[in-house]
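Notes for the structure review
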Amino acid sequence: MKYASEDRKGPAVDETAGPTAVAPERPAQGAAGASSPQDEQQGTRNKVARSILDHGPSTAAELALRLELTQAAVRRHLDALAADGVVEPREKRVYGARGRGRPARAFALTDCGRDAFDQSYDELASDALRWIAQTAGGGELGEAAVAAFARARLAAQAEGYRRAMESAEPEARTRALAEALTADGYAATARSAPNSQLGEQLCQHHCPVAHVAEQFPQLCEAETEVFSRLLGTHVQRLATIAHGDGVCTTFIPKAGKNAHSTKTTTASASTAGRNPA
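So, about the overall build of the protein. Check the secondary structure of the protein and you find 10 helices and 7 strands. Taking all 277 residues of the protein together, the buried fraction comes to 34%. In the protein, 56% of the contacts between residues at least 6 apart in sequence involve partners at least 24 apart. Total accessible area on the protein is roughly 16,300 Å²; 52% of this is exposed by carbon and sulfur atoms.

Listed below in structure tokens is the structure:
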């Protein structure tokens with residue numbers, strides 16, 4: 001079996017350092033700190049994907065020339081990347097008269113493949129929310145405008161969660177909400193609170209907007225309000241990923257234990273995302 005390092009025609013070009021830079025030689029197999037064959041394969045595969053990102057849809061021949069690999073090696077990596085959904089083959093666009101034979105296939109990154117590289121979505125979202133706040137006048141008016149946006153953003157999601165919970169028995173509604181949140185990427189679970197007689201805890205082990213929510217706690221507050229409406233009871237946010245906790249944790253009291261008034265619901269929502277003690 002041949003590894004990626006055996007397919008090279010010459011020294012590898014380090015794409016990040018410029019066209020004349022040469023990557024340092026890898027230590028011999030068996031030496032201390034030596035890379036495994038799997039690491040070499042993955043490293044070369046990443047270079048193939050990066051080259052497509054930098055130069056656009058590319059044929060195996062173009063990639064081989066660019067990365068100083070054999071075309072056979074490049075095709076193996078392209079096959080693996082295509083199987084993982086990172087790239088997809090397309091018919092290469094020909095300008096002018098087309099020659100005989102089948103047109104060469106060019107490989108382009110899929111949306112999934114692009115997502116594997118650095119993105120600026122968090123920065124874009126933060127800039128947009130900051131603009132909303134400033135346009136509304138800043139201060140309390142700006143905070144209220146961001147809160148209104150957060151509620152509007154969650155409205156469509158809330159309807160989806162409501163439908164998912166409709167067929168659940170009352171005692172299973174928190175679990176149904178957790179399953180709906182998981183389908184949206186929040187990796188949520190429902191479990192008994194430390195004192196099971198008092199209620200349950202809804203735990204979100206992932207937050208897709210954690211970096212933005214760190215700057216704009218209104219996102220967490222709106223989410224807490226949605227949970228309260230869906231479950232028909234006041235809820236209390238105990239911890240959030242956005243503020244350094246490992247899990248977003250929301251306490252849901254058992255039916256009949258809701259001795260607090262609507263005032264408590266408002267208080268719980270107002271501290272959501274701010275990691276109350």
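This is not the end of the story, as more comes after the structure.
Backbone geometry follows two general trends: most residues other than glycine have a negative phi, and most peptide bonds adopt the trans configuration. At Glu68, a position not held by glycine, the phi torsion is positive, near 60 degrees. Within the fold, Glu68 resides in the loop between helix H2 (60-67) and helix H3 (71-83). Despite not being glycine, Ala187 has its phi angle at roughly 45 degrees, a positive value. Topologically, Ala187 is positioned in the loop between helix H7 (173-183) and strand S4 (188-192). Look at Ala187 and you get partly exposed, because its relative accessible area is 34%.

Enumeration over the complete set of coordinates arrives at 6 salt bridges. A salt bridge links Glu88 to Arg90; its shortest N-O distance comes to 3.2 Å. By relative accessible area, Arg90 is classed as partly exposed at 40%. Between Arg151 and Glu225 there is a salt bridge, with the nearest N and O atoms lying 3.0 Å from each other. Remark: Glu225 occurs in helix H9 (residues 218-231) and Arg151 occurs in helix H6 (residues 139-166); sequence separation between them is 74 residues. Classification of Glu225 as partly exposed rests on a relative accessible area of 21%.

Conventions we followed
Residues numbered from 1 in each chain as written. Predicted model: local features only at pLDDT ≥ 70, side-chain atom pairs only at ≥ 80, totals over all residues. Heavy atoms only, no water. Helix = DSSP H or I, 4+ residues; strand = E, 2+ residues; numbered from the N terminus. Buried < 20%, exposed > 50% of the residue type's maximum accessible area, 1.4 Å probe, protein only. Contact = heavy atoms within 4.5 Å. Areas by Shrake-Rupley, 256 points an atom, 1.4 Å probe, with all protein chains shown as cover. Salt bridge = Lys/Arg side-chain N within 4 Å of Asp/Glu carboxyl O.

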